[in-house]
Structure formats: C-alpha cells, structure tokens
Amino acid sequence: MLTPQGLKGKQYRVTGNAYPRLGRPPRKSRKVIAMLAALLALALIGLGGVQLYDIFHGRSGNASAQACADQSGKPLAAPTPGATPGAPAASGGPAAAVDPHAVPAPTAVTVNVYNATTKAGLAGRTAEEFKKRGFVIGKVGNAPAELDKKVPGTAQVIAGPTGAAAGTLVSSQIAGATVTADARTDASVDFVIGDSYNALLDENQAAAALALATKPSPTPSATGSC
C-alpha cells in the first residue's frame, strides 16, 4: 500500500503491470536454443563418424606416409626388394638386391664349371646337368690355383656386377653355395665345385629356392616410424 505525498493520508493500491516481473523466457526463445543444441550435437556425431571411417579405411596410413616425406617434399622411396643371401656384390661389398623380374632365363646365362676337388670328372658331369636345364656352357675344367681344393662347401658361385641376377639363378641350383663377386664386365657366372658337392637340386627344388631368393621383403607398416 502506498500513500503518495499530498493525498492526506489516503491509501491507494497500485494495480496493473507497470512493474514487470522476471520469469521464464518466451517459448520461442527456448525452441531456438533447443534447435542450436541439436545442430551442435549432430555436428559432433558427424565429425566422430568421419574419423572412424578414416581409421577403418586406412586413411591414417596416408598421413603417416606424408609425415615420412623427405625434405625435398617427395615421399621416401619404396624399399628395395630383399637381398638374396650371399648374392654377388661389386668390390666385395654387401650383397646386392635382385629384382625377381630381372632374373634371366637359363638360355641367357653362360656358366663356367670348374672342379676344385680331387674327384675326377665332376666338372664335366655337372656341366651336362646345367646344359639339360637350358644353361649355356662356357669353360669346363679344373679350378684355378687360387680356388683349387679351397672350396669347403658345396660350391662357390662367382659373378660380376652385371651378372648378379644370373648368379642368383645359378646359385639356386645348389644348396649351400657361397656367392661372391669379382670385377668381370660380362654376365658370365663361374660355378666352382667344392668338397661337399654331391649333386644339383632337382628342378622343382631349384625353382622353389629361386622364388625364395627373389622374394621381396615385407612392406613396412603404415603406422611404423619413419
């Protein structure tokens, strides 16, 4: 109850909505806020779905490959196919990798067969076996003095840098061969018979040995370190 000044003590009641009260927002504002919240929730769900799709479809591997790019901006080179154990290498260096597609046919490989043992006739008989498999036979005879009676294993296969693939093919014909390199410039291969030699592998075994020798090494995982 208010008694305004000059009204002689009479009391008056203030009515109406001259003094608005604070209350809940209008229904329209609440609907707008609810819609915005729903849109935000949908956006978050969509972003999460895209990330899961990328993970399950290997997109993350692309990012790893990009991170492994060198300073020139180009991706790092793919790994070279696995080196054949004991494959010929220039100047006595590490074994060279042999591309399985570069391995020549036997008809394109000249094999020199030398006997480094005391058993007579091994070079001739072994040369005949190589000839039956399609190889071209070069020189046949006793091993040179630096190798004569100095090959303790089954055989020593010798080739130059240009004959690395041919050396791999020849070495796959015998188990336990030692493969070395020299400085020859042609693609011929020397097959020096050692003390432990008995016979060449059969052709199926030789084919399996060649496939194993030229099998590429596994590709590094996309999530691996650079």
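Remember, it's a predicted structure, so these values are computed and weren't measured experimentally.

What counts, and where the lines are drawn
Residues numbered from 1 in each chain as written. Predicted model: local features only at pLDDT ≥ 70, side-chain atom pairs only at ≥ 80, totals over all residues. Heavy atoms only, no water. Core = buried A, V, L, I, M, F, W, Y, C linked by side-chain atoms within 4.5 Å. Buried < 20%, exposed > 50% of the residue type's maximum accessible area, 1.4 Å probe, protein only. Helix = DSSP H or I, 4+ residues; strand = E, 2+ residues; numbered from the N terminus. Contact = heavy atoms within 4.5 Å. Arc of directions from axis to C-beta. Pairing = 2+ DSSP bridges. Axes fitted to C-alpha atoms, helices over the stretch in contact; angles between N-to-C directions. Polar contact = N/O pair within 3.5 Å; in protein donor to acceptor, adjacent residues only side chain to side chain.

## Brief notes about the nonpolar core
Link 1 in the chain: In terms of nonpolar packing, the biggest core is built from 23 residues, with Val-109, Val-113, Val-170 and Phe-191 touching the most fellow members.
Link 2 in the chain: Secondary structure elements with two or more residues in this core: strand S1 (110-115), helix H3 (122-132), strand S3 (155-159), helix H4 (164-171) and strand S5 (189-193).
Link 3 in the chain: The biggest single contributor to this core is H3, with four residues.
Link 4 in the chain: The residues touching Val-113, leaving out its near neighbours within four places in the chain, are Ala-123, Thr-126, Ala-127, Phe-130, Lys-139, Val-140, Gly-141, Phe-191 and Ile-193.
Link 5 in the chain: Within the second largest apolar cluster, seven residues are counted, among which are Tyr-114, Ala-143, Ile-158 and Val-192.

## Some remarks on H3
Link 1 in the chain: Along H3, the residues classified as buried are Leu-122, Ala-123, Thr-126, Ala-127 and Phe-130. Considered in projection along H3, the buried side chains sweep an arc of 125° and stay on one side of the axis. H3 presents Arg-125, Lys-131 and Lys-132 as exposed residues on the side facing more than 90 degrees away from its buried surface.
Link 2 in the chain: In the core, the buried residues of H3 are packed alongside S1, strand S2 (136-142), H4 and S5.
Link 3 in the chain: Following H3 by one or two positions, Gly-134 adopts a phi angle in the positive range, close to 100°.

## Some points on the sheet that holds S5
Link 1 in the chain: Strand order across the open sheet formed by five strands is S2-S1-S5-S3-S4, with mixed pairing between neighbours. Edge strands, defined here as strands with exactly one partner in the open sheet, are S2 and strand S4 (178-181). Across the sheet, the axes of successive neighbouring strands diverge by a mean angle of 20°, strand direction being ignored.
Link 2 in the chain: One ladder, built from four bridges, connects S3 with S4; its direction is parallel. Directly across from Ala-159, in S4, lies its bridge partner Ala-181.

## A look at the side chain of Thr-117
Link 1 in the chain: Here Thr-117 lies in the loop between S1 and H3.
Link 2 in the chain: A relative accessible area of 9% means that Thr-117 is categorised as buried.
Link 3 in the chain: Engagement of the side chain of Thr-117 in a polar contact is seen with the backbone nitrogen of Lys-119, the distance being 3.1 Å.

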